[in-house]
Amino acid sequence: MLAGNWRAGALADGTPYGFTCPSPPRYRHQWYWDSCFHAIVWRHFQPARAREELRTLIRGGRLDGFIPHTIFWHDSAGWRRAPFYATHSVRGNRATAHMQTPLLALAWELVAEASPEAPGFRTEALDALRLHYDWLERHRDPDGDGLISIIHPDESGLDDSPKYDGVFGWMSHYQPGYVWLVERSRRLRYDSRAIIARYEEHVEDVMVNVFYALSLHALARLTGESGYERRAASTERALLEHCWDEKRGLFWDLAGREHAPQRISTWSALAPLALPSLPEPIAGRLIEEHLLDRRRYAAPYAIPSVSMEEPSFRAGWHLFRCWRGPAWINTVWLLAPALRRFGYEAAADRVVASCVELVEHHGFREYYNPLTGDGLAARRFGWSTLLIDLLPPVDPGAAQDTSSPFEGSIRDELWSMGAEAATETRRLASATVADVMARLRGR
Ligand code: GLC
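Residues numbered from 1 in each chain as written. Predicted model: local features only at pLDDT ≥ 70, side-chain atom pairs only at ≥ 80, totals over all residues. Heavy atoms only, no water.

This part takes up the overall build of the protein chain. A tally of regular secondary structure across the protein chain gives 14 helices and 12 strands. The globule rule puts the C-alpha radius of gyration for 443 residues at 22 Å, and the 21 Å found for the protein chain is close to it. Counting every position in the protein chain, which comprises 443 residues, the buried fraction comes to 57%. In the protein chain, of all internal contacts separated by at least 6 residues, the share reaching a separation of at least 24 is 67%. Accessible area of the protein chain: about 18,600 Å², with a carbon and sulfur share of 55%. Measuring between centres, the 51 positive side-chain charges of the protein chain sit 5 Å from its 56 negative side-chain charges. (Helix = DSSP H or I, 4+ residues; strand = E, 2+ residues; numbered from the N terminus. Rg over C-alpha atoms; globule rule 2.2 N^0.38 Å. Buried < 20%, exposed > 50% of the residue type's maximum accessible area, 1.4 Å probe, protein only. Contact = heavy atoms within 4.5 Å. Areas by Shrake-Rupley, 256 points an atom, 1.4 Å probe, with all protein chains shown as cover. Lys, Arg positive; Asp, Glu negative; His and termini not counted. Charge placed at Lys NZ, Arg CZ, Asp CG, Glu CD.)

Set out below in structure tokens:
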């Protein structure tokens, strides 16, 4: 499937590219964190493609160390779509001007370890990686507290998560006002320091900073430089000191200059489980009180993106909304190994087995309904293959490389969206009827 989603070629100036598009035809470009996840999976089968995917990501970056959220290698974002893409100009650009959860160094190290046939890979891009993580510190941590900020909700990759509703309000990713958020950033030329100084809508996001800390640790190992280790430790400390809520037993995002905690329970509040220095009592609370609680995150399938107890929780399909309840495989990829590390082997096995069931029944879908196990949204979705990284070692010879590019069809996409919308509407309608009947009977 990944081979079918692979796109390779060269720009007019000869710059080569090779990456896996997340899901044709819906997602045809290169996305930063998707590419990192794809490379992590490719390294099991064809490490050469894993290396090429990460190199392509760096090639899409700027000389100052910024690497975009989305890169339009073979297919530029024309003026029609540009208002919805965070590009510099409405006429369309080669890439967006905003970032995505920066896990490149983490992926780089994993791929390097799986590349004995290319020993130079480990060190060939250290300058670019240093520049990238130094850019993040300089531009995204202006208050120097060790936590980097996002200035658009989709910079985390968790686009419409309800944890951003209170911050971005009418400019949320799924609201018409998002177009204004993009325009406003354009007017300040995406100068993040200026945007953070001028506006209140920016977030020190827990999940983003967990991946940032893990990547700084990886960069410290890749470079052998202790400065990155110190930075990783300061980010971990800041998460514990500023984001941890002892009473609720969760980690909250901090919004605006005042660092206002956003008290909405989403899987991001559990992400610090992946931190190497997390104290055991805190891990115990995240796991026992939340991850394994049937009212909160212990759903029949995978791990819901929002606690089932939150009023904003929606398990199924919604137009333009995908992080308000549905379960994603990258969530399980981050949290299941943490469960094992803290001794919850059986629980980790259960979650992973439920994901195997999802994929066996519905294929690699973009996300799944954690209550019913329905496969939802895009098909042949790249990072859902991360499940393979959670299973016992695979035999690379067993994987067949069909290599014929898969294009998908817009008609099939629309058809499946319509079918999902109809199922969801039916479900909502019958829930409403049941509710009205119950109220009438109560009277
Ligand atoms: C959706 C996801 C985002 C991902 C993108 C491409 O917008 O929310 O995290 O990067 O699709 O797959």
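With that settled, consider a nonpolar patch on the surface. On the surface, Val433, Val436, Met437 and Leu440 cluster together into a nonpolar patch covering about 350 Å² of accessible area. Tracing the chain through its elements places Leu440 in helix H14 (residues 410-442). (Patch = residues over 30% accessible without salt bridge, like charges linked within 9 Å, V, L, I, M, F, W, Y side chains within 5 Å. Salt bridge = Lys/Arg side-chain N within 4 Å of Asp/Glu carboxyl O.)

Turning our attention to the pairing of strand E1 (residues 6-10). Strand residues, when the strand is regular, have side chains that alternate between the two faces of the sheet. Examined bridge by bridge, E1 and strand E2 (residues 16-20) share five bridges and lie antiparallel to one another. For Ala8, the partnering residue across the bridge sits in E2 and is Gly18. The loop that links E1 with its antiparallel partner E2 comprises five residues; one of these, Gly14, has a positive phi angle of about 95°. (Pairing = 2+ DSSP bridges.)

The next point concerns empty space enclosed by the protein. Over the atoms rolls a probe the size of a water molecule, and its path tells where empty space is left. Evaluated as defined, the whole model comprises one cavity of 30 Å³ or more. Along the walls of the largest cavity sit Lys163, Phe251, Trp252, Asp253, Gln262, Ile264, Thr266, Ser268 and Ala269, which together make up its complete lining. Grouping the constituent residues of the lining of the largest cavity by class yields four nonpolar, three polar and two charged. (1 Å grid on protein atoms, 1.4 Å probe; cavity = no way out; pocket = protein on both sides within 12 Å on 5 of 7 lines; lining within 4 Å. Points joined across faces, edges and corners; volume = space filled by probe spheres on them. Nonpolar A, V, L, I, M, F, W, Y, C, P; charged D, E, K, R; others polar.)

Before going further, it helps to spend a moment on the layout of surface pockets. One number sums up the size of the largest pocket: a volume of about 1,300 Å³. In terms of lining, the largest pocket is formed by 44 residues, of which the most central are Arg26, Tyr27, Tyr85, His173 and Phe320. Contributing elements (two or more residues each) for the lining of the largest pocket: helix H1 (32-45), helix H7 (178-187) and H14. The element best represented in the lining of the largest pocket is H14, accounting for four residues. Of the residues contributing to the lining of the largest pocket, the split by class is 25 nonpolar, nine polar and 10 charged.

Time to look at the pattern of salt bridges. Enumeration according to the criterion identifies 30 salt bridges in this entry. Linking Lys163 and Asp205 is a salt bridge whose minimum nitrogen-to-oxygen distance equals 2.8 Å. In this pair, Lys163 is assigned in the loop between strand E5 (149-150) and helix H6 (165-168) and Asp205 in the loop between strand E6 (203-204) and helix H9 (206-223), connecting sequence segments 42 residues apart. On the basis of relative accessibility, which here comes to 3%, the residue Lys163 falls in the buried class. Accessibility expressed as a relative area gives 0% for Asp205, which makes it buried.

Counting residues in hydrophobic clusters, the biggest one holds 128 residues, and the most contacted among them are Trp33, Leu104 and Leu273. Considering every element that reaches this core, the biggest residue donor is H9, with 13 residues. The contacts of Trp33, once residues within four sequence positions are left out, are Gln100, Thr101, Leu103, Ser156, Gly157, Leu158, Met207, Phe211, Trp323, Asn330 and Trp383. (Core = buried A, V, L, I, M, F, W, Y, C linked by side-chain atoms within 4.5 Å.)

Moving on, we get to the site of the ligand. Lining the immediate surroundings of the ligand are Pro22, Tyr27, Trp31, Trp33, Asp34, Gln100, Gly157, Asp159, Trp323, Phe381 and Trp383. Measuring from an oxygen atom of the ligand, one finds a side-chain N or O atom of Gln100 at 2.9 Å. Here an oxygen atom of the ligand and a backbone polar atom of Gly157 are 2.7 Å apart. Because more than half of its atoms lie within 2 Å of the grid, the ligand is assigned to the largest pocket. (Near = heavy atom within 4 Å. Polar contact = N/O pair within 3.5 Å; in protein donor to acceptor, adjacent residues only side chain to side chain. Sits in = over half its atoms within 2 Å of the grid points.)

Our next topic: the packing of helix H2 (residues 47-59) against helix H3 (residues 104-113). Viewed as axis vectors pointing N to C, H2 and H3 meet at an angle of 150°, and their least axial separation amounts to 10 Å. The pairing of H2 with H3 is recorded here as roughly antiparallel in orientation. Classified by chirality, the crossing of H3 by H2 is left-handed. Within the contact between the two elements, H2 uses Ala50, Arg51, Leu54, Arg55, Leu57 and Ile58 and H3 uses Leu104, Ala107, Trp108 and Val111. Residues that form the contact of H2 with H3 fall into these classes: eight nonpolar, no polar and two charged. (Axes fitted to C-alpha atoms, helices over the stretch in contact; angles between N-to-C directions. Parallel < 35°, antiparallel > 145°, perpendicular 65-115°, else oblique. Left-handed = near helix turned anticlockwise from the far one by under 90°.)

It is worth spelling out the sheet that holds E6 at this point. Spatially, E5-E6-E9-E10 is the arrangement adopted by the four strands of the open sheet, whose pairing is antiparallel. Two strands close off the open sheet at either side, each with one partner strand: E5 and strand E10 (260-262). By the bridge criterion, three bridges tie strand E9 (residues 253-255) to E10 in an arrangement that is antiparallel. Its bridge partner being in E10, Ala255 is matched across the sheet by Ala260.

To continue, consider unusual backbone geometry. In the segment running from Pro24 into Pro25, the intervening peptide bond is cis, with an omega of 0°. Note on placement: Pro25 falls in the loop between E2 and strand E3 (30-31). In this structure, Arg189 is a non-glycine residue whose phi angle is positive, near 50°. Overall, Arg189 belongs to the exposed group, its relative accessible area being 68%. Despite not being glycine, Ala377 shows a phi value in the positive range, around 60°. Tracing the sequence through the fold places Ala377 in the loop between strand E12 (375-376) and H14.

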